[in-house]
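These are the residues of each chain, in order.
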Protein chains: 2
Amino acid sequence: MTYCVALKLKAGLVLLSDTRTNAGVDNIARFGKMFTWTVPGDRAMAIMTAGNLAVTQAVIAQIQEAIDDPNHQGDTLLNVPTMSRAAALLGGLMQGQQNQWGPGLTGMNESSAATMILAGQRAGAEPRLFMIYSAGNYIEATEDTPFFQLGEFKYGKPIIDRVITSDSSIEDGVTACLVSMDSTLRSNLSVGMPLDVAVIPNGALEFSVRRRIEADDKNFHAFSDAWSAALREAFTKMREAPKWS
Amino acid sequence: MTYCVALKLKAGLVLLSDTRTNAGVDNIARFGKMFTWTVPGDRAMAIMTAGNLAVTQAVIAQIQEAIDDPNHQGDTLLNVPTMSRAAALLGGLMQGQQNQWGPGLTGMNESSAATMILAGQRAGAEPRLFMIYSAGNYIEATEDTPFFQLGEFKYGKPIIDRVITSDSSIEDGVTACLVSMDSTLRSNLSVGMPLDVAVIPNGALEFSVRRRIEADDKNFHAFSDAWSAALREAFTKMREAPKWS
């Protein structure tokens, strides 16, 4: 499985993904699920993927091939004029993959289901965040619900629900994503280190953060321990809270 | 859906369940999912249920009818000599219901799946906690994993994973269950108030707590607000935590 989370804050876009894939618990591997592109001064874009790995790899490969091909006709991620055109491009590629492989996989009782998150900003426009479904259709995050999640989303949803609004700072956003991921890592073996984290500050048109947090990262362990301690302290404080009965 | 959680602590057994059932989001109802029996000085027992409501209601009805029938031959929940015999009794009734309704429901693309938690203590024995699966087989909680959950378990698992061990007090156990439920209620509409809560202190052979928390319970709202505040404070404290990069 997978856990990816992305926030659309007024301050910018925050993305975090794990890197574990599995076909059964006895077949675990590491694949990056975050892909980023920048045209300095023009656009910064990121895609995160979940679900059937052959499908999502094929979509990412098609996106990259179109960008790399100087003779490519039509839209590419780096020449579309708007983020919603980028979402439509991604949805079309997803639909093509599903049409190609879906029926065969269904016949084998396998799933071709896949989902993607697209985040980015173009010069002169706001940061935008999309979720692309298996069918190729897509939705966009709004101020009411300023985040999307992929994969094993339930463990890490309560903390995001409680602490994140559109007005949250980038720093709080990254902290919330990491805490949400940390809870998921502890409770579900199918989500695993290392992590990929990215930040696109509003108006920067580039990534202020784009890095991998490895499993042995001492700073992340200290961060994780600090959250455990803070959570336990919050829990202990409940001994003085109003009684439930 | 459903959320039920039960803890087996050295200090005793703690149980909490919601009361929402749904067949689609447009068909929501309220059904108790916690059933309790006491023979003072001899045994205290509780069952929580999830899954196909017709199946779990039939199992509970059979248990109660056997208890109520003075001519009943064989085991009842109130005369079995051990908790594991009680689990076997429950598993047998589950298996019978599955055999009776499973094939027909499968043919209609409906699920007969159901799960149950059995918790209790007999005079002279330790408190024990079992999970009964659809097939009728069952497992028992141990010190390594002193809790079981039914239904929408993922939202509320991280907090239990972090704060509960066999050595936790009853009071902390109830708090952890309520906090775990509160997170689930906020993140998933298919789990809903009111709640049923029960406590069987080790050696008491009766319930020290067996009550319903209604949706308008002011104390529970205050408790829930206190947890939100404590959690937000814990999160804010992370601004001073070691940086993740």
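Residues numbered from 1 in each chain as written. Chains lettered and ligands numbered in written order. Predicted model: local features only at pLDDT ≥ 70, side-chain atom pairs only at ≥ 80, totals over all residues. Heavy atoms only, no water.

Per an unreviewed UniProt entry, chain A goes by the name Peptidase and belongs to Parvularcula marina.

**Description of the overall build of chain A**
Along chain A, the regular secondary structure elements total 5 helices and 12 strands. A compact globule built from 245 residues should have a C-alpha radius of gyration of about 18 Å, and chain A, at 19 Å, falls within 12% of that. Taking the principal axes of the C-alpha coordinates as reference, chain A spans close to 65 × 45 × 35 Å. Burial analysis of chain A (245 residues in total) assigns 53% to the buried set. (Helix = DSSP H or I, 4+ residues; strand = E, 2+ residues; numbered from the N terminus. Rg over C-alpha atoms; globule rule 2.2 N^0.38 Å. Buried < 20%, exposed > 50% of the residue type's maximum accessible area, 1.4 Å probe, protein only.)

**Observations regarding empty space enclosed by the protein**
Using the criterion set out here, one finds 1 cavity of 30 Å³ or more in the structure. In terms of lining, the largest cavity is formed by 18 residues, of which the most central are Pro158(A), Ile159(A), Ser183(A), Pro158(B) and Ser183(B). At the level of secondary structure, the elements contributing two or more residues to the lining of the largest cavity comprise α3 (157–163), α4 (170–187) and α5 (218–237) of chain A together with α3 (157–163), α4 (170–187) and α5 (218–237) of chain B. Grouping the amino acids of the lining of the largest cavity by side-chain chemistry returns 12 nonpolar, 4 polar and 2 charged. (1 Å grid on protein atoms, 1.4 Å probe; cavity = no way out; pocket = protein on both sides within 12 Å on 5 of 7 lines; lining within 4 Å. Points joined across faces, edges and corners; volume = space filled by probe spheres on them. Nonpolar A, V, L, I, M, F, W, Y, C, P; charged D, E, K, R; others polar.)

**Examining helix α1 (residues 53–68) of chain B**
All names here are of chain B. Taking 1.5 Å of rise per residue, 16 residues should cover 22 Å, and α1 covers 22 Å from first to last C-alpha, within 8% of that figure. Within α1, the full set of buried residues consists of Val55, Thr56, Val59, Ile60, Ile63 and Ala66. Along the long axis of α1, the arc covered by the buried residues comes to 130°, so they all point the same way. Facing away from the buried side of α1 by more than 90 degrees, the exposed set consists of Ala54, Glu65 and Asp68. In this fold, the buried residues of α1 make contact with β5 (34–39), β6 (43–51), α2 (83–107) and β7 (114–122). (Expected span 1.5 Å × (residues − 1). Arc of directions from axis to C-beta. Contact = heavy atoms within 4.5 Å.)

**With respect to the side chain of Ser168(B)**
Inspection of the secondary structure assignment puts Ser168(B) in the loop between α3 and α4. When residues no more than four places from it in sequence are discounted, the contact partners of Ser168(B) are Leu9(B), Ala11(B) and Val163(B).

**Topic: the environment of Ile200(A)**
Of note, Ile200(A) is situated in strand β11 (residues 195–201). Between the alpha carbons of Ile200(A) and Ile159(A) there is a distance of 22 Å; along the sequence they are 41 residues apart.

**Quick word on the interface of chain A and chain B**
Bring the parts together and some accessible area is lost; that lost area is often taken as the interface size. With 46 residues of chain A at the interface, the matching set in chain B holds 46 residues. Between chain A and chain B, a total of about 4400 Å² is buried, with carbon and sulfur atoms accounting for 64% of that surface. We note a salt bridge from Asp182(A) to Arg162(B), for which the minimum N-O separation is 3.2 Å. Linking chain A to chain B there are 16 residue pairs in polar contact (both at pLDDT 80 or more). (Buried area = accessible area lost by both parts, 1.4 Å probe. Salt bridge = Lys/Arg side-chain N within 4 Å of Asp/Glu carboxyl O. Polar contact = N/O pair within 3.5 Å; in protein donor to acceptor, adjacent residues only side chain to side chain.)

**Some thoughts on the state of the cysteines**
In total, this model carries 0 disulfides over all chains according to the counting rule given. Unpaired in this structure, Cys177(A) has its nearest cysteine sulfur neighbour in Cys4(A), at a distance of 11 Å. (Disulfide = S-S within 2.5 Å.)

**Notes on unusual backbone geometry**
Pro194(A) follows Met193(A) through a cis peptide bond whose omega is -5°. Tracing the backbone shows Pro194(A) in the loop between α4 and β11. Of note in the backbone geometry, Asn109(B) takes a positive phi value of approximately 60° without being a glycine. Residue placement: Asn109(B) occurs in the loop between α2 and β7.

**What about the environment of Pro242(B)?**
Residue position: Pro242(B) is located in the segment after α5. The class for Pro242(B) is partly exposed, based on a relative accessible area of 37%. In contact with Pro242(B), not counting residues within four places along its chain, are Ala222(A), Phe223(A) and Ala226(A).

**Re the side chain of Asp196(A)**
All names here are of chain A. For Asp196, the location among the structural elements is in strand β11. Using a relative accessible area of 4% as the deciding quantity, one classes Asp196 as buried. Side chain to side chain, Asp196 and Arg212 meet in a polar contact 2.9 Å long. Ignoring sequence-local partners within four residues, the contact set of Asp196 consists of Leu15, Leu16, Ser17, Thr19, Gly32, Lys33, Met34, Arg210, Arg211 and Arg212.

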